[in-house]
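What the coordinates show
Okay, here's what each chain looks like letter by letter:
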Amino acid sequence: MVLKARFETIRQERRIKNRIHEVMRKYNSRLDKKRMRRISNRIFSESRKNGHDPLLLTALIVTESSFNQQAESHKGALGLMQIRPATGSAMATEAQMAWKGDFSLLNPDTNIALGALYLKKMQKRFRDLDLALEAYNHGPSQLSRYLRQGKKPKTYSRKVMKMYSQLRSKTT
């Protein structure tokens, strides 16, 4: 019975990783198959490590960069998960990861690890996934200002959650 349960867990993991890989192929990421597999494995492992559904992290990456590992926003956020260098540096210090400057954020493994940790911190701070996503997008200080003014931004979190819902519906 234990072996059967383990086999089912492995099958489910493979199904999720394959779904992430499928999603990546839809975007012009310029990644070869080996690199896409590595990234889907990293998304899966960092999601589990930080208490996220891997498909939620995938939806966040699609929303942020459409799997363009060289993406750069007008505010200087970099990589797959669009992390600003100051945030990346702080997260790297917290996670005791090597930080080699802004360029570190263009490494998908580093970017995914730091982005997953940052989302976890936002969830812990705001205790609500929608607010955590808004904090991920606006920054926690800006979100706190909005909340003090009686505003509750929803546009970004709705966009991520819509993508997440689409990804989930195609895996069941």
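Remember, it's a predicted structure, so these values are computed and weren't measured experimentally. Throughout this description, residue numbers start from 1 for each chain and increase along the sequence as written. Thresholds applied to this predicted model are a pLDDT of at least 70 for local features of residues and 80 or more for the giving and counting of side-chain atom pairs; totals over whole chains, interfaces and linings are not thresholded and use all residues. Hydrogens and water molecules were not included; the side-chain quantities draw on all heavy atoms of the structure.

A pairing counts as a salt bridge when a side-chain nitrogen of Lys or Arg comes within 4 Å of a carboxyl oxygen of Asp or Glu. As enumerated under the stated definition, the model contains 9 salt bridges in all. For the salt bridge of Arg42 with Glu46, the shortest nitrogen-to-oxygen distance reads 3.1 Å. Of this pair, Arg42 and Glu46 both sit in helix 2 (residues 33-50), 4 residues apart, which is roughly one turn of the helix. When accessible area is computed with a 1.4 Å probe and restricted to protein chains, residues below 20% of their type maximum are described as buried, those above 50% as exposed, and intermediate ones as partly exposed. For Arg42, a relative accessible area of 26% translates into the label partly exposed. Residue classification places Glu46 among the buried positions, given a relative accessible area of 5%. If you follow the salt bridges from partner to partner, you end up with Arg38, Arg42, Glu46, Lys49 and Asp109 in one network. In this text, helices come from DSSP runs of H or I with a minimum length of four residues, and strands from runs of E with a minimum of two, each type numbered from the N-terminal end.

Glancing now at unusual backbone geometry. The backbone of Ser66 sits at a positive phi, close to 50 degrees, despite the residue not being glycine. Relative to the elements of secondary structure, Ser66 occurs in the loop between helix 3 (54-65) and helix 4 (85-95). If you check the backbone angles, Gln82 has positive phi at about 50 degrees while not being a glycine.

It is worth spelling out the nonpolar core at this point. With 44 residues, the main nonpolar core has Leu60 and Phe67 as its most contacted residues. Counting residues per element, this core draws most heavily on helix 5 (residues 108-126), at 8 residues. Contact between two residues is taken to exist if any of their heavy atoms lie within 4.5 Å; hydrogens are not considered. Ignoring sequence-local partners within four residues, the contact set of Leu60 consists of Met81, Leu119, Leu133, Tyr136, Tyr156 and Val160. By nonpolar core is meant a set of buried Ala, Val, Leu, Ile, Met, Phe, Trp, Tyr and Cys residues that side-chain atoms within 4.5 Å join together.

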